[in-house]
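# Working through the structure, step by step
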Amino acid sequence: MSARTTIVSACDRNFIWGAYLLAASTARFLPATPLHLLQTGFTDEDVAMIRQFSNVRVLPLSDSNRRNVCNRKAEAMLSADTEFIAWLDADCMVVGDIARLLEPPNGEFAIRLREPWENAWVWRNHYAAGEARGGIPRTVADRWRADVGQLDEPRLDTTCVTNVIVLHRRHRALVTEWQGQIAKVLPAADTGVVDAGNPAYFMTDESVLSSLLLFSRQAPAVGEFNLNRDPAAHVAHFGANPKPWVRWRLGVWYCHRHIIELLDWARTQGHRTPPVPWSLRRSNRWPAYLLAVAGDWRTRVRALGGRLKPRRRSG
């Protein structure tokens, strides 16, 4: 029986370890689900390393598009033609058997929406004086409305997170529109994952998709998102830097055990691994954990120091 869902992702060579963990974890827990990994900058050895998992196809990203890979998610998603398409960032991995959760109920559009406190933090530098926090800054919403040019009133009062997206093939038009809107409002160059010089779209691909969910006529209603709820079966996202293959952060430390078990599984299946970094070696568990704790405290102290920094006296 043919697969109903294709997982897609994309990255450059800086994420070879992320690609490996994503490929290995899907091969372990979702062996019947194909994974399309679109890549740029991989060597032949890199491609062979990822392709050793039988459910994985490694495809090249076109050289004609110079944007950051995060702004080429639509290109990757359109490489799949199954009933469902699931985008996972290349710093994600599957933890447990998520097969029952991968397809949204009733073929809905599944994406995580930000909570008000998240919006308040993400847009903290964009609110006007006296403007209520927790929603979308008025100037940003006005810019999105004008750029999309379809609806006058927004469908949502929040933004989305684009690290995991699952949609039915009937929503492919939204993916195509996302690709076109990125070409319209973002520079045709690699400005990074975050572009502080473009306030309304500083979250780049995420900002553009959010603008469409608010103001596009063909944007579907957002359904329930279930891929981050079950500790035994979910998609783990490593998010901010540093990544685990560089140094652990305390917030994702729980995945240390899962990665060690995944690498053990891969070896027992006869699969090779890239050179294992210090942070992912079983023997370095405690030093890696202590570094994660120290990093967490350093971040907290810096944040506290910024709030407590005395004001300069005038005169």
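Residues numbered from 1 in each chain as written. Predicted model: local features only at pLDDT ≥ 70, side-chain atom pairs only at ≥ 80, totals over all residues. Heavy atoms only, no water.

### Observations regarding the overall build of the chain
Our working rule: The numbering of helices and of strands both runs from the N terminus, where a helix is a DSSP run of H or I of at least 4 residues and a strand a run of E of at least 2. Accessibility here uses a 1.4 Å probe with only protein chains present; expressed as a share of the type maximum, an area under 20% marks a residue as buried, one over 50% as exposed, and anything in between as partly exposed. Contact criterion: two residues are considered in contact whenever any of their non-hydrogen atoms come within 4.5 Å of each other. Residue-level accessible areas treat just the shown protein chains as cover; the underlying method is Shrake-Rupley with a 1.4 Å probe.
Helix and strand content of the chain: ten helices and eight strands. Considered along the principal axes of its C-alpha atoms, the chain spans approximately 65 × 55 × 40 Å. Within the chain, the fraction of its 315 residues that count as buried is 52%. A separation of at least 24 residues holds for 74% of the contacts in the chain among residues at least 6 apart in sequence. Carbon together with sulfur atoms contributes 52% to the accessible area of the chain, which is approximately 15800 Å² in total.

### Points about empty space enclosed by the protein
Sizing a probe to match a water molecule and rolling it over the atoms shows the empty space that remains. Stated precisely, the cut-off is as follows: For cavity detection a 1 Å grid was placed over the protein atoms alone, and a set of points counts as a cavity when a 1.4 Å probe fits there but cannot get out; an open set counts as a pocket when protein lies on both sides within 12 Å along at least five of seven lines, with lining residues being those that have an atom within 4 Å of a point. Grid points are joined across faces, edges and corners, and a volume is the space filled by probe spheres set on the points. Throughout, the ten residues Ala, Val, Leu, Ile, Met, Phe, Trp, Tyr, Cys and Pro are labelled nonpolar, Asp, Glu, Lys and Arg are labelled charged, and all others, Gly among them, are labelled polar.
Tallied over the full model, the rule gives one cavity of 30 Å³ or more. Estimated volume of the largest cavity: approximately 50 Å³. Taken together, Leu-101, Leu-102, Glu-103, Pro-104, Pro-105, Ala-110, Val-166, Glu-224, Phe-225, Asn-226 and Leu-227 make up the full set of residues lining the largest cavity. For the lining of the largest cavity, the class distribution of residues is eight nonpolar, one polar and two charged.

### Here's the deal with helix H9 (residues 255-268)
Heads up, the rule is: Every helix has an expected span of 1.5 Å times one less than the residues it contains.
With 14 residues, H9 should reach 20 Å at 1.5 Å per residue; the first-to-last C-alpha distance of 20 Å fits that figure. Among the residues of H9, Cys-255, His-256, His-258, Ile-259, Ile-260, Leu-262, Leu-263, Trp-265 and Ala-266 are the ones counted as buried. Phi for Gly-270, located one or two positions after H9, is positive at around 85 degrees.

### Side note on the packing of helix H1 (residues 16-29) against helix H2 (residues 44-51)
Quick reminder of the rule: Throughout, an axis means a line fitted to C-alpha atoms (over the contacting stretch in the case of helices), and angles, computed between N-to-C directions, take values from 0 to 180 degrees. Angles are sorted into four bins: roughly parallel if under 35 degrees, roughly antiparallel if over 145, roughly perpendicular if 65 to 115, and oblique for all others. Note: crossing handedness is left-handed where the near helix turns anticlockwise from the far helix by less than a right angle, and right-handed where it turns clockwise.
Between H1 and H2, the least distance of the axes is 9 Å, while the angle of their chain directions is 20 degrees. Taken together, the axes of H1 and H2 are roughly parallel relative to one another. Between H1 and H2 the crossing geometry is right-handed. On H2, the residues touching Ile-16, Ala-19, Tyr-20 and Ala-23 of H1 are Asp-46, Met-49 and Ile-50.

### Focus: helix H7 (residues 172-185)
Put simply, the rule is: Each C-beta atom gives one direction from the helix axis, and the arc is the one those directions make.
Here H7 spans 20 Å end to end across 14 residues, near enough to the 20 Å set by a 1.5 Å rise per residue. Taken residue by residue, H7 has Leu-174, Val-175, Glu-177, Trp-178, Gln-181, Ile-182 and Val-185 as its buried positions. Down the axis of H7, the smallest arc covering the buried residues is 160 degrees, so these residues share one side. In the core, the buried residues of H7 are packed alongside helix H3 (73-77), helix H6 (138-148), strand S7 (160-168) and helix H8 (205-215).

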